[in-house]
Every structure is written in C-alpha cells, then in structure tokens.
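# Commentary on secondary and tertiary structure
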Amino acid sequence: MANGKKSIDYLERSDEIEPNHPEILRCLGWSIFHDGQRKRGIILLERALNLSANDPLILSDLGVCYLNEKNFERSSYLFKKCWKSNPKRKSPECLNAVRFFQKEFKKLRENNG
C-alpha cells in the first residue's frame, strides 16, 4: 500500500474511533484531496471547518485546495479569515498568490476565449 493510501486508511480508522474530530477530518480531507478525490477532500475539510471555524490549519489547507480548484473567491475568503484569527501566519503571502493566479487564469481564459 502506497504511503498516501496508508495514511488515508489510518485516518479513516481514526475517524471511526473518534468521529467528527476536526484535526482528523482536516488531515483526512487533505490526504483524500491530494489522492485525486478532490470533491470528497473538500467536503471533509468543510466539515472540519464547521466543527472548528477559526482553526488556522483548517482555514489554510482548505484555502489551498480551493486555490487548486480555481475557486479564488472562497480561497481568498478563507485566507483572510485565517489572517484575522492568526496574524502571524503566512496568510498575506497566500492572499497574494490567490490574486496572482486569479489574474493569470483570467488572462488565459481571455486569450483562449
């Protein structure tokens, strides 16, 4: 079993033992997203966020996933919320990345339009 699949297996077992634990759901959602099940990964990360609305790790992981999905509005919102709840995190850099990729994606769409 590959490391990604193994971590998902362990995290799913952890979720069975301690259901609805925000940190378990965060790690599981992140792992599943990066294993290619993007929609399911985001759903799990959103569940984690509903359970722990100001957790900077959940906010930033979910922001990165939405950035990968080109959902720039949601990504920007999450990084702003992360920055407000924890100003020492790298949220300003993440917000700049969101703005950059949003601008580049818009240019790409206009050029291929």
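Before reading further, recall that the structure is shown in the block above.
Residues numbered from 1 in each chain as written. Predicted model: local features only at pLDDT ≥ 70, side-chain atom pairs only at ≥ 80, totals over all residues. Heavy atoms only, no water.

## Describing the state of the cysteines
Scanning the entire structure with this criterion turns up zero disulfides. Note on C27: no disulfide assigned, nearest cysteine sulfur contributed by C65 at a separation of 12 Å. Overall, the relative accessible area of 25% leaves C27 in the partly exposed class. (Disulfide = S-S within 2.5 Å. Buried < 20%, exposed > 50% of the residue type's maximum accessible area, 1.4 Å probe, protein only.)

## Here's the deal with the packing of helix α2 (residues 22-34) against helix α4 (residues 56-68)
Their axes nearest at 10 Å, the elements α2 and α4 cross at an angle of 20 degrees. The orientation of α2 with respect to α4, classified from their angle, is roughly parallel. The handedness of the crossing between α2 and α4 comes out as left-handed. Counted together, P22, E23, R26, W30 and F33 of α2 and L57, I58, D61, V64, C65 and N68 of α4 form the full contact between these two elements. Classifying every residue of the contact of α2 with α4 gives seven nonpolar, one polar and three charged. (Axes fitted to C-alpha atoms, helices over the stretch in contact; angles between N-to-C directions. Helix = DSSP H or I, 4+ residues; strand = E, 2+ residues; numbered from the N terminus. Parallel < 35°, antiparallel > 145°, perpendicular 65-115°, else oblique. Left-handed = near helix turned anticlockwise from the far one by under 90°. Contact = heavy atoms within 4.5 Å. Nonpolar A, V, L, I, M, F, W, Y, C, P; charged D, E, K, R; others polar.)

## Quick word on the packing of aromatic side chains
Inspection of the entire model under this criterion finds one aromatic pair. Each ring, one from F100 and one from F101, has its centre 5.2 Å from the other, and the planes form 75 degrees; the classification is edge-to-face. Using a relative accessible area of 42% as the deciding quantity, one classes F100 as partly exposed. Among the residues examined, F101 registers a relative accessible area of 42% and is labelled partly exposed. (Phe/Tyr/Trp six-rings, centres within 6.5 Å; stacked < 30°, edge-to-face > 60°.)

## Some remarks on the environment of A97
Within the secondary structure layout, A97 lies in helix α6 (residues 91-112). Spatially, the C-alpha atoms of A97 and C27 are 23 Å apart, while their sequence positions differ by 70 residues.

## What about the pattern of salt bridges?
Tallying each qualifying case throughout the model produces eight salt bridges. For R13, the salt bridge identified is with D9, shortest N-O distance 2.5 Å. Of this pair, R13 and D9 both sit in helix α1 (residues 3-17), four residues apart, which is roughly one turn of that helix. Since its relative accessible area comes to 42%, R13 is described here as partly exposed. For D9, a relative accessible area of 26% corresponds to the partly exposed category. With a closest N to O distance of 3.0 Å, E46 and R74 form a salt bridge. Taken together, the residues E46 in helix α3 (residues 38-51) and R74 in helix α5 (residues 72-85) connect sequence positions 28 residues apart. Taking the relative accessible area as the measure of exposure, E46 reaches 17% and is therefore buried. One salt-bridge network, in which partners are shared between bridges, spans E23, R26 and D61. (Salt bridge = Lys/Arg side-chain N within 4 Å of Asp/Glu carboxyl O.)

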